[in-house]
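Working through the structure, step by step
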Amino acid sequence: MQELSYWLPNLMRRLPEFWKACGDTLLMEAWAGSIVFVFGLVFGIILTVTKPGGIMENRTVYQVLDKIINLFRSIPFIILLTALMPLSRAIMGTAIYVRGVIVPLVFGATPFFSRQVESALAQTDKGLVEAALSMGSSPTEVIFRVYLRESLAPIIRAITITTISLLGLTAMAGAVGAGGLGDFAIRYGHDRNMIDITWVTVIVLVLGVSIVQWLGEYFARRNTH
Amino acid sequence: MIELEHVVKNFHADKKDSAIHAVNDVSLTINNGEIFGIIGFSGAGKSTLVRCINLLERPDSGNVRIDGVEMTSLKPKELYKARTKIGMIFQQFNLMPSRTVLQNVAYPLKDMTREQIRERVRELLALVDIPDKENAYPSELSGGQKQRVAIARALANDPTILLCDEATSALDPQTTGAILQLLKDLNRKLGLTIVVITHEMEVVKNICRKAAVMDAGKIIETGDVFEIFSSPKHPVTRNFVRTTSNLSKIETLIRDDSPLVRLKPGEVMARLVYVYADVSEPLISYASRAFDLEINIILADVEIVSGAMVGGTVVIFNGERERINRAIQYYRDKNIRVEVIQDAGA
């Protein structure tokens, strides 16, 4: 303890606040991540099946969704954060703290994850889809029993990458008063020049990213034959 | 019975581009229990045509009837149901890599308990003769084994029809033979109607009794395989038959000016092609004796196609011109097609 206080004087004095920052980051990651997962998966599937040559080809649906995703992917997240404040207030009742930042996080990461899912599903051999159809599978069955099932490994990798990039977004969200590790590092590490806090925050984030990456790789590999 | 009537399927490469006629007004009838071949060079439209049977490709116009049921007017649900009775296997096998053999074969099985499924899969795997692989993943199987699993899967719901899209094209000749034998057995045992799409003449010769030749989206010749092979009518068919016959090597030999085919004065080189089934007579030695000629066999390629002999020989006649002509006439009287390739003059 003495040792730690010597090396990390500022951090040790703000330990409760640090733990809370970690918790907030996890909270944002979990909430936003779950919602992004659902929407991204749905959009990724819709893109895959409605694109030209897909099993439920639909030009209009594909074009509209494709354009919307491109639109949101091209807006820098920091602008999205402020631009979506009114929407956030309307949906969540607030535009600050963890609750207030879920909406922009979802808007920021869903397009990315949708594209990731789309490209994961695109790796499915067209022949498998054809074989399933020839055995009497309906398009819905093809989605669940062929696309999702056979792309499990690449989808897990997509989740890994998105989780990590979402972690980066939560750090930025700190800038608009979301709390979390990003906010903690900026407020103390940067604004008050407390170098130890910057370093510890970075180390925690590196650990977090490593764990996610390792877990993702582990599950992806278990599903590759 | 599979009945195709004036089936047309176009593809549009580009909005402005004119349509590509993948299948252009094809009518075809395939009877129950038949093994029917559809042959053609790649790009002829065979694969599209076979997909019009189970409506993986929906024809732009025309009728597709299976046992009297018009496929193109089925509602989606009815179509899915109908497809369970039309098995299909592919060149690339298309097994699901994340599923074991058992899970692959179980894929089309529905409304059954776990135990019933397991039992049915074992039955099917025994039928295709790979009983001991149910827990293997496709990546652990050889090409021939994969195709057997694919066949088992295609037969899971007791279909009456099996569509084979270049099913042996990715296999080596020996494995091809084994798979064809299996198809023949299944045809006999289950009364399965089999439609075989291939660019390999060998395959058609081996298992089909009837066949259609396809070129540029059209069926250019159809009938008994023996007839198609022995007397191809359309130039494309002739070309096809020729590429698979050993006798075509003579052209190469002549082009290369091989000493084997250099004629001495008075000699005549001819191709004798057996057109009719009855060539059990010793034609060469008889003619040699009867007309006092030396007949030198340069090439021979005789095969059994649907139980009858097909093929011919390339020979060099040596002897008096008058006798050579009589020998040629003798062959023609025996219904053997004689084409004089080179004549060194009298």
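Anyway, here's the lowdown on the structure attached to this text. (Residues numbered from 1 in each chain as written. Chains lettered and ligands numbered in written order. Predicted model: local features only at pLDDT ≥ 70, side-chain atom pairs only at ≥ 80, totals over all residues. Heavy atoms only, no water.)

A look at helix α12 (residues 195-222) of chain A
All names here are of chain A. Filter applied, for reference: A run of DSSP states H or I qualifies as a helix once it reaches four residues; a run of E qualifies as a strand once it reaches two. Both are numbered from the N-terminal end. Expected span of a helix, by definition, is 1.5 Å for each gap between consecutive residues, and there is one gap fewer than residues. To sort residues, take the accessible area from a 1.4 Å probe on protein chains only and compare it with the maximum for the residue type: under 20% means buried, over 50% means exposed, and anything in between is partly exposed. We call two residues in contact whenever any of their non-hydrogen atoms come within 4.5 Å of each other.
Here α12 spans 41 Å end to end across 28 residues, near enough to the 40 Å set by a 1.5 Å rise per residue. By the burial criterion, the buried members of α12 are Asp196, Ile197, Val200, Thr201, Gly216 and Ala220. Those residues of α12 that are buried lie in contact with α1 (2-7), α2 (9-13), α3 (15-50), α10 (152-173) and α11 (180-190).

Some words on the sheet that holds strand β13 (residues 308-318) of chain B
All names here are of chain B. For clarity, the cut-off: Two strands form a pair only when DSSP identifies at least two bridges running between them. Axes here mean lines fitted to C-alpha atoms, for a helix over just the part in contact, with angles spanning 0 to 180 degrees between N-to-C directions.
Reading across from one edge, β12-β13-β11-β14 is the order of the four strands in this open sheet, with antiparallel pairing throughout. Of all strands in the sheet, those bounded by a partner on one side alone are β12 (294-305) and β14 (336-343). Recorded for the sheet is a direction-independent mean angle of 15 degrees between the axes of neighbouring strands. Here β12 runs beside β13; their pairing, made up of 11 bridges, is antiparallel. Among the inter-strand pairings, leucine 299 is bridged to a residue of β13, identified as valine 314. Those strands touched by helix α11 (residues 283-290) are β11 (268-274), β12, β13 and β14, and its axis lies near 155 degrees from that of β12.

Description of the environment of arginine 271 of chain B
Residue and element names in this part refer to chain B. The following threshold applies: Nitrogen and oxygen atoms within 3.5 Å of one another constitute a polar contact, given that in protein one can donate a hydrogen and the other can accept it, and given that sequence-neighbouring residues count only through two side-chain atoms.
By the element assignment, arginine 271 lies in strand β11. Relative accessible area serves as the criterion here: at 8%, arginine 271 is assigned to the buried category. Those residues in contact with arginine 271 that lie beyond four places of it in its chain are Arg242, Leu247, Ile250, Glu251, Thr313, Val314, Arg337, Val338, Glu339 and Ile341. In this structure the side chain of arginine 271 is engaged in a polar contact, spanning 2.9 Å, whose partner is the side chain of glutamate 251.

Quick notes on a nonpolar patch on the surface
For clarity, the cut-off: Nonpolar side chains (Val, Leu, Ile, Met, Phe, Trp, Tyr) are joined into patches within 5 Å and like charges within 9 Å, using only residues with over 30% relative accessible area and no salt bridge. Accessible surface area values rest on a Shrake-Rupley calculation with a 1.4 Å probe, where residue burial reflects the displayed protein chains alone. Salt bridge, as used here, is a side-chain nitrogen of Lys or Arg placed within 4 Å of a carboxyl oxygen of Asp or Glu.
Together, Ile195, Trp199, Val202, Ile203, Val206 and Leu207 of chain A make up an exposed nonpolar region whose accessible area comes to about 600 Å². On the secondary structure map, valine 206 of chain A appears in helix α12.

Description of the interface of chain A and chain B
Counted only if it meets this: When two components associate, each loses some accessible surface as probed by a 1.4 Å sphere; the sum of these losses over both components is called the buried area.
Between chain A and chain B, the residue contacts involve 20 residues of the former and 23 residues of the latter. Approximately 2000 Å² of surface area, both sides summed, lies buried where chain A meets chain B, with 51% of it carried by carbon and sulfur atoms. When the buried area of chain A at its contact with chain B is split by residue, Ser134, Met135 and His225 of chain A rank highest and sum to 33% of it. For the pair chain A and chain B, the number of links is three salt bridges. Across the pair glutamate 141 of chain A and lysine 110 of chain B runs a salt bridge whose closest N-O atoms are separated by 2.9 Å.

Quick notes on the packing of helix α8 (residues 126-134) of chain A against helix α9 (residues 139-150) of chain A
Residue and element names in this part refer to chain A. Keep this limit in mind: Oblique is the label for any angle not covered by the other classes, which are roughly parallel (under 35 degrees), roughly antiparallel (over 145) and roughly perpendicular (65 to 115). In a left-handed crossing the near helix is turned counterclockwise from the far helix by less than a right angle, and in a right-handed crossing that turn is clockwise. Note on residue categories: nonpolar means Ala, Val, Leu, Ile, Met, Phe, Trp, Tyr, Cys or Pro, charged means Asp, Glu, Lys or Arg, and polar means any other residue, Gly included.
It is at 10 Å that the axes of α8 and α9 come closest, and there the two elements cross at 155 degrees. Of the possible angle classes, the one that applies to α8 and α9 is roughly antiparallel. Here the hand of the crossing between α8 and α9 comes out right-handed. Judged by residue contacts, Leu128, Val129, Ala132 and Leu133 of α8 engage Val142, Val146, Tyr147 and Glu150 from α9. Across the contact of α8 with α9, the residue classes tally to seven nonpolar, no polar and one charged.

Examining the pattern of salt bridges
This model, assessed by the stated rule, comprises 35 salt bridges over all chains. For arginine 187 of chain A, the salt bridge is made with glutamate 17 of chain A, and the minimal N-O distance between the two is 3.5 Å. In this pair, arginine 187 of chain A sits in helix α11 while glutamate 17 of chain A sits in helix α3, placing the two residues 170 residues apart along the sequence. What makes arginine 187 of chain A partly exposed here is its relative accessible area of 30%. By relative accessible area, glutamate 17 of chain A is classed as partly exposed at 31%. Its salt-bridge partner being arginine 120 of chain B, residue glutamate 123 of chain B comes within 2.8 Å of it at the nearest N-O pair. Of this pair, glutamate 123 of chain B and arginine 120 of chain B both sit in helix α4 (residues 114-127), three residues apart, which is roughly one turn of the helix.

Thoughts on the sheet that holds strand β10 (residues 218-224) of chain B
All names here are of chain B. One open sheet holds the six strands; their spatial order is β6-β7-β8-β3-β9-β10, and the pairing between them is mixed. Strand pairing shows two members of the sheet lacking a second neighbour, β6 (86-90) and β10, which therefore form its edges. On average, each strand axis in the sheet is inclined to that of its neighbour by 15 degrees, with strand direction left out of account. Note that strand β9 (residues 210-215) and β10 share six bridges and pair antiparallel. Within β10, the position partnered with aspartate 215 by the bridge is lysine 218. Helix α5 (residues 143-154) rests against β6 and β7 (161-165) of the sheet, and its axis sits at about 165 degrees to β6.

Observations regarding the packing of α3 of chain A against α10 of chain A
All names here are of chain A. α10 packs onto α3 with a crossing angle of 135 degrees between their chain directions and a minimal axis gap of 10 Å. Considering their axes alone, α3 and α10 lie oblique with respect to each other. Relative to α10, the crossing made by α3 is right-handed. Counting all contacts with α3, which are made through Thr25, Met28, Glu29, Ala32, Gly33, Val36, Phe37 and Leu41, the residues of α10 involved are Ile155, Ile159, Thr162, Thr163, Leu166, Leu167 and Thr170.

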